[in-house]
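# Structure assessment
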Amino acid sequence: MKQSVPEEKNRLEAMFNMTLKQLADEWMHDKDEQRMIAPRTYSRRFSTLKNHILPTEFGLADMKIRDITTYQIRKFYKDKDYKTQRTVHMTLNPLFKYAEREEILRDENGNPKQNPIPVSILEQFKRMNRRKEIEADTNTKPVFELDEMIQFFQNLDLYSPRHLFAPFMDVAIPYHFIALCGMRPSEALSRKWEDINFLDNTIAINQQTIGVSKELRKGTIWESDKYAMPNSALKTIKANRFVPLPERTMQRLMLVPEDERTGYIVMNKDRNPHTLDNFRDKHHYKIIAKLGVNYGLHALRKFFGSYQIAWQNVDPFTVAEQMGHEDIKVTYRDYKVEIKKRKHAPQSEIKDWFAPTLTLSELMAYESTVRAELADERGNLFRNGKQITYRS
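Thresholds applied
- Residues numbered from 1 in each chain as written.
- Predicted model: local features only at pLDDT ≥ 70, side-chain atom pairs only at ≥ 80, totals over all residues.
- Heavy atoms only, no water.
- Axes fitted to C-alpha atoms, helices over the stretch in contact; angles between N-to-C directions.
- Helix = DSSP H or I, 4+ residues; strand = E, 2+ residues; numbered from the N terminus.
- Parallel < 35°, antiparallel > 145°, perpendicular 65-115°, else oblique.
- Left-handed = near helix turned anticlockwise from the far one by under 90°.
- Contact = heavy atoms within 4.5 Å.
- Nonpolar A, V, L, I, M, F, W, Y, C, P; charged D, E, K, R; others polar.
- Polar contact = N/O pair within 3.5 Å; in protein donor to acceptor, adjacent residues only side chain to side chain.
- pLDDT = per-residue confidence, 0-100.
- Salt bridge = Lys/Arg side-chain N within 4 Å of Asp/Glu carboxyl O.
- Buried < 20%, exposed > 50% of the residue type's maximum accessible area, 1.4 Å probe, protein only.
- Pairing = 2+ DSSP bridges.
- Phe/Tyr/Trp six-rings, centres within 6.5 Å; stacked < 30°, edge-to-face > 60°.
- Arc of directions from axis to C-beta.
- Expected span 1.5 Å × (residues − 1).

Across the interface, helix α14 (residues 297-311) lies against helix α15 (residues 316-323) with an axial gap of 10 Å and an inter-helix angle of 155°. Considering the angle they form, α14 stands roughly antiparallel to α15. In this structure, α14 meets α15 at a crossing whose hand is right-handed. Of α15, the residues touching α14 (which contributes Arg301, Phe304, Gly305, Gln308 and Ile309) are Val319, Gln322 and Met323. Residues of the contact of α14 with α15, tallied by class, amount to four nonpolar, three polar and one charged.

In structure tokens form, the structure reads like this:
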């Protein structure tokens, strides 16, 4: 329906006086825009706007779109570290492209205006950041010390969080998948028992969880239950791969009785996969607090690359394949310190630092003891209304 002259005048006036905050609200509620992105991208944009762009102390939220210049954009980016610059750019740039496409972006005379974010701005700040790293000689230490991670896994495996927080799954397994197998957290949470080949101790990586919180889905195209726990294609083509499972991880998997090895390996009480945010809130923060550490899930994946290259002397091409990197340049960029260390690593130091410390029968006996103690404290454990039985 054609708008009347007063309506068209009011619409143009609203566009002319629109602030960045108002533009962001319209953009996030645009159903056509939502259809072009994955739910996880929507969640990331929401978080970036809330934490890095719209807070009043940053000075952009209440500015009119027509008044925002390239100079102000550069100043806004310059005050942040490169990682935050990249995060902000992945949201702010498409936001201004939307304004440009919808003809909301206009100058003081009401004429269409170009996107104030320069095409090469991120590359420029990337070069500046690289120069700072060289001058300061930063990035010379791996993310984790080896002995820290050895102790972490000893505590994690004996802590037996399966029975404290989630009797319907072994919460230690995702940490094995991420830190000892190199999976992305979203890949680890979407693995099914059918993905495992128990004959050659490998697991197929073929999808990832992309769920968004129920609260954030309100008013979006993902609001229906149909989109509650979606899985999607992997991040890159090379992310579709088979990953070897170390002996220690196989032990954890073998602890689960055969009749329970159906569906998702890591699941909630409804037997659905966890979203990344849900797993963090329900399990991860409790576990790291109990164990007295402060490890992020993505940082644990970084440890895998460091360990394989620096301590196992594995070549970067093999590590890139195991981690699903699309380009070997990513591996060389993220693990340049470890690659340099690898050249000087003595052959005598190469051993499996994460070999099992207990046999499978000893670990099963320990698990049985823990179950018995918990049964005394809580009564019998139940799942879906039925008492859980275990193989001893």
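That covers the picture; the talk isn't over yet.
The next subject is the side chain of His274. With respect to the helices and strands, His274 occurs in the loop between α12 (247-254) and α13 (276-291). For His274, the side chain forms a polar contact with the main-chain oxygen of Met267, separated by 3.3 Å. Polar contacts involving the side chain of His274 include one to the side chain of Asn278, which spans 2.5 Å.

On to the environment of Glu247, then. On the secondary structure map, Glu247 appears in helix α12. Sequence spacing of Glu247 and Asp352 is 105 residues, and the spatial spacing of their C-alpha atoms is 10.0 Å.

With that out of the way, let us pick up the confidence of the model for the protein chain. Confidence in the prediction for the protein chain averages 78 pLDDT; 76% of positions are at 70 or higher. Confidence drops under a pLDDT of 50 for residues 137-142, and excluding neighbours within four residues, the segment shows six contacts in the predicted structure. Confidence drops under a pLDDT of 50 for residues 377-392, and excluding neighbours within four residues, the segment shows 36 contacts in the predicted structure.

What follows concerns the packing of helix α9 (residues 173-180) against α14. For the pair α9 and α14, interaxial distance at closest approach is 6 Å and the crossing angle is 45°. The angle between the axes of α9 and α14 places the two elements in the oblique class. Two secondary-structure elements touch here, α9 through Tyr175, Ile178, Ala179 and Leu180 and α14 through Leu297, Leu300, Arg301, Phe303 and Phe304. Among the residues forming the contact of α9 with α14, the class breakdown is eight nonpolar, no polar and one charged.

As for its position among the elements, His89 is in helix α6 (residues 82-101). The spatial distance from the C-alpha of His89 to the C-alpha of Leu122 is 7.4 Å, given a sequence separation of 33 residues. If we ignore the near neighbours within four places in the chain, the residues touching His89 are Tyr77, Pro94, Ile117, Ile121 and Leu122. One polar contact links His89 to Tyr77, side chain to side chain, over a distance of 2.9 Å.

Enumeration over the complete set of coordinates arrives at ten salt bridges. A salt bridge links Asp32 to Arg35; the shortest N-O distance between them is 3.0 Å. One end of the pair is Asp32 and the other is Arg35, both in helix α3 (residues 31-35) and three residues apart, which spans about a single turn. Across the pair, Arg35 and Asp32 agree in class, each one exposed. If you follow the salt bridges from partner to partner, you end up with Arg184, Glu187 and Arg241 in one network.

All right, on to the sheet that holds strand β2 (residues 202-205) then. Across the sheet, which stays open at both edges, the three strands sit in the order β1-β2-β5 with antiparallel pairing between neighbours. Strand pairing shows two members of the sheet lacking a second neighbour, β1 (196-197) and β5 (241-244), which therefore form its edges. The pairing of β1 with β2 spans two bridges and is classified as antiparallel. For Ile196, the partnering residue across the bridge sits in β2 and is Ile203.

A full pass over the atoms with the stated rule returns 13 aromatic pairs. A centroid spacing of 6.1 Å and a plane angle of 70° characterise the contact between Phe152 and Tyr175, whose relative ring orientation is edge-to-face. Taken together, the positions of Phe152 in helix α8 (residues 146-159) and Tyr175 in helix α9 put the pair 23 residues apart, joining distant regions of the chain. Summarising the burial analysis for this pair, Phe152 and Tyr175 share the class buried.

The next point concerns the pairing of β5. The two faces of β5 differ: Arg241 and Val243 on one face are buried, but Phe242 and Pro244 on the other face are not. Relative to β5, β2 is paired through four bridges, and the arrangement is antiparallel. Looking at β5, one finds that Ala204 is bridged to Phe242.

A few words now on the pairing of β2. It is a general feature of regular strands that their side chains alternate between the two faces of the sheet. Where burial is concerned, the two faces of β2 agree: the one with Thr202 and Ala204 and the one with Ile203 and Ile205 are both buried. Here β1 folds back onto β2 in antiparallel fashion, the turn holding four residues, of which Asn201 has a positive phi close to 55°.

Right, let's talk about the side chain of Ser306 for a bit. Examined against the element boundaries, Ser306 turns out to sit in helix α14. The contacts of Ser306, once residues within four sequence positions are left out, are Trp311, Tyr335 and Glu338.

The next thing to look at is α15. Taken together, the buried positions of α15 are Pro316, Val319, Ala320, Gln322 and Met323. Down the axis of α15, the smallest arc covering the buried residues is 165°, so these residues share one side. Away from its buried face, by an angle of more than 90 degrees, α15 presents the exposed residues Phe317 and Glu321. At the N-terminal boundary of α15, the capping side chain belongs to Asp315, with an oxygen 3.1 Å from the backbone nitrogen of Phe317.

All right, on to helix α4 (residues 39-53) then. Across its 15 residues, α4 extends 20 Å between first and last C-alpha, which sits within 8% of the 21 Å expected from 1.5 Å per residue. For α4, every residue scored as buried is listed here: Pro39, Thr41, Tyr42, Ser43, Arg45, Thr48, Leu49 and Ile53.

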